[in-house]
Amino acid sequence: MADLRTLYQEVIVDHTKCPRNFGVLEQASHHATGYNPLCGDKLSLFLEIDAADIIVDIRFIGEGCSISTASASLMTEALKGKSLAQADLLFKDFHHMLTHTDSQQTEQLGKLAVLAGVAEFPARVKCATLAWHTFEAALQNKLAPVSTE
Ligand code: ZN
């Protein structure tokens, strides 16, 4: 288990230092900003969702602790190409993992499982879920369609 923890820690550090999908998405169809006052984590999320409810592209900007940054980075990787229905299921599994130290549901979570250790630190759960709550907020916040005509 110690080796697995070391590996998980390395993945978190990697995503904190080099966040994936970091930046503004000019053609975003949805956008929201999230804030976790307990820790001071802030992030803005940009989504491009097509007519078939597929997350075609996803990017974020923001500042926060390593857990919030790594979680946002891992979330963008996990959600890109997924349907909104799949994203919803993934968030449920992820949230379950963070709130149960004996969670067994790591298989479908893929790389998101590196954050399983957060379950032992309840005060940090909000850091890890900030990106996901911002994702849900963005789904409610559809931008006016951009038209060139
Ligand atoms: Zn935080």
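Residues numbered from 1 in each chain as written. Predicted model: local features only at pLDDT ≥ 70, side-chain atom pairs only at ≥ 80, totals over all residues. Heavy atoms only, no water.

A. Highlighting the coordination of the zinc ion. Those donors, Cys-39 (SG), Asp-41 (OD), Asp-41 (OD), Cys-65 (SG) and Cys-127 (SG), are the protein atoms that reach the zinc ion, and they lie 2.2 to 2.7 Å from it. Positions of the donor residues of the zinc ion along the chain correspond to the pattern C-x1-D-x23-C-x61-C. Of this pair, Asp-41 sits in strand E2 (residues 41–49) while Cys-127 sits in helix H4 (residues 125–140); the two residues are 86 residues apart in sequence, bridging distant segments of the chain. (Donors = N, O, S within 2.8 Å, 3.2 Å for Na, K, Ca; no water. Helix = DSSP H or I, 4+ residues; strand = E, 2+ residues; numbered from the N terminus.)

B. The arrangement of the environment of Gln-108 in detail. Tracing the sequence through the fold places Gln-108 in the loop between helix H3 (84–99) and H4. For the pair Gln-108 and Asp-93, spaced 15 residues apart in the sequence, the C-alpha separation amounts to 8.3 Å. When near neighbours in sequence (up to four residues on either side) are disregarded, Gln-108 contacts Leu-90 and Asp-93. At 3.4 Å, the side chain of Gln-108 forms a polar contact with the side chain of Asp-93. (Contact = heavy atoms within 4.5 Å. Polar contact = N/O pair within 3.5 Å; in protein donor to acceptor, adjacent residues only side chain to side chain.)

C. Up close: the sheet that holds E2. One open sheet accounts for three strands, arranged E1-E2-E3; its pairing is antiparallel. Looking at the sheet topology across the chains shown, the edges are occupied by strand E1 (30–36) and strand E3 (55–63). For this sheet the average axis-to-axis angle between neighbouring strands, irrespective of direction, equals 15 degrees. In terms of strand pairing, E1 meets E2 through seven bridges, oriented antiparallel. Bridge assignment links Tyr-35 to a residue of E2, and that residue is Lys-42. (Pairing = 2+ DSSP bridges. Axes fitted to C-alpha atoms, helices over the stretch in contact; angles between N-to-C directions.)

D. Geometry of the packing of helix H2 (residues 66–79) against H4. Where H2 contacts H4, the axes come no closer than 7 Å and their chain directions differ by 45 degrees. Viewed along their axes, H2 and H4 adopt a mutual orientation that is oblique. Considering only the axes of H2 and H4, their crossing is right-handed. Across the interface between the two elements, Ile-67, Ser-68, Ser-71, Ala-72, Met-75 and Leu-79 of H2 pack against Cys-127, Ala-128, Ala-131, Trp-132 and Phe-135 of H4. Residue classes in the contact of H2 with H4 are distributed as nine nonpolar, two polar and no charged. (Parallel < 35°, antiparallel > 145°, perpendicular 65-115°, else oblique. Left-handed = near helix turned anticlockwise from the far one by under 90°. Nonpolar A, V, L, I, M, F, W, Y, C, P; charged D, E, K, R; others polar.)

E. Representation of the nonpolar core within the structure. Among the nonpolar cores identified, the biggest contains 39 residues, and Leu-79, Phe-94 and Leu-115 are the most heavily contacted of them. Broken down by secondary-structure element, the contributors of at least two residues to this core are helix H1 (2–17), E2, E3, H2, H3 and H4. It is H4 that provides the largest number of residues to this core, a total of eight residues. Discounting chain neighbours no more than four positions away, the residues touching Leu-115 are Ile-12, Ile-67, Ser-71, Leu-74, Phe-94, Met-97 and Leu-98. (Core = buried A, V, L, I, M, F, W, Y, C linked by side-chain atoms within 4.5 Å. Buried < 20%, exposed > 50% of the residue type's maximum accessible area, 1.4 Å probe, protein only.)

F. Fine view of the pairing of E2. Most of E2 sits inside the fold, with seven of its nine residues counted as buried. The hairpin turn running from E1 into E2, its antiparallel successor, is four residues long, and Gly-40 in that turn takes a positive phi close to 90 degrees. Here E2 runs beside E3; their pairing, made up of eight bridges, is antiparallel. Paired with Ser-44 across the two strands is Ile-61, which belongs to E3. In sequence, E2 turns back onto E3 through a hairpin of five residues, with Asp-53 there showing a positive phi of about 65 degrees.

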